[in-house]
Every structure is written in structure tokens, then in C-alpha cells.
Amino acid sequence: MSNVKLAIIYYSSTGTNYQMAQWAETSAKEAGAEVKVAKVKENAPMEAIESNPAWKAHYEATQDVPEADTDLLEWADAIIFSVPTRFGHVSSQVQQFLDTTGGLWAQGKLANKVVSAMSSAQNPHGGQEATVLAVYTTMHHWGAIIAAPGYTDESLFKAGGNPYGTSVSVDQDGNMVEDVEDAVAYQAKRTVKVAGWVKDGLNG
């Protein structure tokens, strides 16, 4: 199987989706992928960031993480997005990033990318599924190939059973409620595997 180039792109204000991205990175590397992790550029005013100690601490702790750009999308065979829910949709930061992809899309350079997505919210029915599906709506416009986890592994049930992509609830103290590490790892490996099939098929 061809070596898969995987981009893991996340947005995180207080660290949940950053942790999920790290779990995905470890698993994808174990599966043999070449992995690059990048954060979506923060567009919130510093006044807002500084008003939340957890947000400020995470913002400062991840200054060395590179920011995602369209060159990364062009490089990748596969992409995993990990994004928080904002009213059942992606955050404004993520939407702004997706809105920069028009040039690549117009050139057909986003077609056949293998994509999977994960999400988080403050409660189990806080919009995680809708957020993952919102990511996938854009991916359909790209002509990407969705690698959803479905119910193809027991780890998904332990994590809450979201077939669209791993999702997690976060309590008021910023702790993950469900045990999702194994599900994230499985989703990453599945994405790499599907991307390998697609890459081999395109090159065959």
C-alpha cells in the first residue's frame, strides 16, 4: 500500500480537539502514515481569549503548532478534522479556513481527498453529529471521499456510538466525559487505510 500523507487539522480553544488530534496523530503514524498536524488560525479578539483562563492558557501553550493553510490540503492524501460545535455547526474559525479553499477547489485539487471528522460539545446532544455532517457538506463540494467510522469497531460504542465521526462531551471543568481515545485511534487508522486504497487505485 502506498505511503499515505495525512493532515490532521483542528481548532481548539481550551484543548479538547487538540488532544483528539494528538491521539489521531499517534495512531496514524502507527499505521504507517506521514502525518502533519496543524491548527486553524485563531480569529477571536485577544480580549475574548484573555477573559477565559483556560482559553488563554491553551492559546499560549500551542504557539509552536503550525497553522493550517491550503498548501497542506494540497499536500495531503487524507485529512482528519477535529472541531468544536458552535450552535450545531463548525466554529467561525473553521468556517473561515474552509472558505479559503475555493482556489484549490476550482482547480480540482481537492477531489478524491479522503476525509474524516471529529467533534466536541458541552453535552451529548449539543450538536456534535450536526457539526461533523457540516464538515462533510463542504467535503461533498470538494469531491472528497468520506471515511466515516460507522459501526465498524467496538471502540465506537464505548465512545458513545457516533457513526459519523468520534465525538465527545466536555464537562464544566474541561474534562472529557466519554472515553474516546480508542475510537479516535481507530478512526485515524481507518482513514489511513481507506486513503491507501484510494491512492493505490488512482495510481494503479
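Residues numbered from 1 in each chain as written. Predicted model: local features only at pLDDT ≥ 70, side-chain atom pairs only at ≥ 80, totals over all residues. Heavy atoms only, no water.

Draft legend 1. Focus on the pairing of strand S1 (residues 5-10). Among the six residues that make up S1, five are buried, leaving the element largely enclosed by the rest of the structure. Where S1 lies against strand S2 (residues 34-39), six bridges are found, and the strand directions are parallel. Among the inter-strand pairings, Tyr10 is bridged to a residue of S2, identified as Lys39. Pairing of S1 with strand S3 (residues 78-86) involves five bridges; the strand directions are parallel. In the strand pairing of S3, Ile9 is matched with Phe81. (Buried < 20%, exposed > 50% of the residue type's maximum accessible area, 1.4 Å probe, protein only. Helix = DSSP H or I, 4+ residues; strand = E, 2+ residues; numbered from the N terminus. Pairing = 2+ DSSP bridges.)

Draft legend 2. Structural detail: the packing of aromatic side chains. One pass over the full model with this rule turns up three aromatic pairs. Here Tyr10 and Tyr18 contribute two aromatic rings whose centre-to-centre distance is 5.3 Å and whose plane-to-plane angle is 40°, an arrangement assigned as tilted. Under the relative-accessibility criterion, Tyr10 is labelled buried at 1%. Assessed through its relative accessible area of 22%, Tyr18 is described here as partly exposed. (Phe/Tyr/Trp six-rings, centres within 6.5 Å; stacked < 30°, edge-to-face > 60°.)

The values reported here are purely geometric and, on their own, carry no functional implication.
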